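Remarks on the overall topology
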Amino acid sequence: AEEWANFSGRVLFDGDPPKPKKIVIDKDKEVCGKTPLFDEFIEVNPKNKGIKNVLVTMVVSSRDEPPAVHESYKATEKDKVLLNNICCHYVPHIVLLRTTQSLVMKASDSIASNVKIDPQMNPAFNLTIPSGTTAEKRFANPERMPMPINCPIHGWESGYLVVQAHPYMTLTDEDGRFEIKNVPVGEHKFMFWHESGWLIDVVVGGKQETWKRGCVTPNLKAGKNDLGDILVPESQLDD
């Protein structure tokens, strides 16, 4: 019988937390300026220095045997995953999508929304979505890296789309914590990525480590597998 592991940890900012940067709205102000917008490039919790939106994903190449998928992921296998447009702002900032799922792009504003994505392994598109409507796209092939999402109309509006053929991926929460549940036991390569790039020079458990291309290969045992606190120097998260 297959054994399963939970992989977890916490990613922390090693320095003084940066202050949120307010975005200057210079177009369609009556819609886009309804609520203050802040740059989401780096979000650090001032209370505990947790870094939000660090991607942690299993790396599976085309030469690898696909990992076994736990029964708990079957319920979401064919979900429609929402990318909303609210006050000229993509919500969520980073979207996680499996190749078996659909991306649904919604224009919730009173003006049209635009979504431009240029994948490497899937067809590129630049869609204008009328107000109050949705558009749906499928991605048949996994992408090696997160893909930028841009709006040609509103230059400040941006996000990322992550496409994988497996469900073993997550984003750190407001406290910098992550957990990927029900991973097959054994050695697996995981990539740690932030909008600024791979997390390479980090401190784990008080020990300096260098993760080539942001990757670490833990040997996961059945049950809990906690990396603990992962400190990321300020110099790695420069805009």
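The sections below set out a description of the structure shown in this document. (Residues numbered from 1 in each chain as written. Predicted model: local features only at pLDDT ≥ 70, side-chain atom pairs only at ≥ 80, totals over all residues. Heavy atoms only, no water.)

**Brief notes about the overall build of the chain**
Filter applied, for reference: Comment: elements are numbered from the N terminus, with helices defined as DSSP H or I runs of at least four residues and strands as E runs of at least two. We take the radius of gyration over the C-alpha atoms and set the globule estimate at 2.2 Å times the residue count to the 0.38 power. Here's how the labels work: a residue is buried when its accessible area is under 20% of the maximum for its type, exposed when over 50%, partly exposed in between, all with a 1.4 Å probe on protein chains only. A contact between two residues is defined here by any heavy atoms of the two lying within 4.5 Å.
Of the regular secondary structure elements, the chain holds one helix and 21 strands. The C-alpha radius of gyration computed for the chain amounts to 19 Å, which stays within 12% of the reference 18 Å derived for 239 residues, consistent with globular compactness. The buried share of the chain, reckoned over its 239 residues, is 46%. Here the analysis covers contacts within the chain between residues at least 6 apart in sequence; of these, 69% occur between residues at least 24 apart.

**With respect to the nonpolar core**
Quick reminder of the rule: Definition of nonpolar core: a set of buried residues of the types Ala, Val, Leu, Ile, Met, Phe, Trp, Tyr and Cys, connected through side-chain atoms within 4.5 Å.
Counting 25 residues, the largest nonpolar core has V11, I51, F190, F192, L199 and I230 as the members making the most contacts within it. At the level of secondary structure, the elements contributing two or more residues to this core comprise strand 1 (4-14), strand 2 (55-58), strand 13 (177-184), strand 15 (190-194), strand 17 (201-204) and strand 21 (223-233). For this core, the element with the most residues is strand 1, which contributes four residues. Counting 19 residues, the second-largest nonpolar core is a separate cluster that includes L83, V95, V115 and F125.

**Some words on the pairing of strand 17**
For a regular strand, the rule is simple: side chains alternate between the two faces of the sheet. As a reminder of what qualifies: At least two DSSP bridges between two strands are needed for those strands to be called paired.
Of the strand pairs in this sheet, strand 17 and strand 18 (residues 207-210) are connected by four bridges, and their pairing is antiparallel. Paired with V203 across the strands is Q208, a residue of strand 18. Hairpin remark: strand 17 followed by strand 18, antiparallel, with two residues in the connecting loop; positive phi at G205, about 60°. Note: strand 17 against strand 21, two bridges, orientation antiparallel.

**A few points about a positive patch on the surface**
Let me state the cut-off plainly: For patch detection, residues must exceed 30% relative accessible area and be free of salt bridges, and they are connected within 9 Å for like charges or within 5 Å for nonpolar side chains (Val, Leu, Ile, Met, Phe, Trp, Tyr). Each accessible area is a Shrake-Rupley result for a 1.4 Å probe, and residues are judged covered by the shown protein chains and nothing else. What makes a salt bridge here is a side-chain nitrogen of Lys or Arg within 4 Å of a carboxyl oxygen of Asp or Glu, nothing more. Charge assignment in this entry is limited to Lys and Arg as positive and Asp and Glu as negative, and neither His nor the chain termini are counted. By convention, the point assigned to a charge is CZ for Arg, NZ for Lys, CD for Glu and CG for Asp.
Together, R63, R144, K189, K212 and R213 line one region of the surface with positive charge. Examined against the element boundaries, R213 turns out to sit in the loop between strand 18 and strand 19 (215-216).

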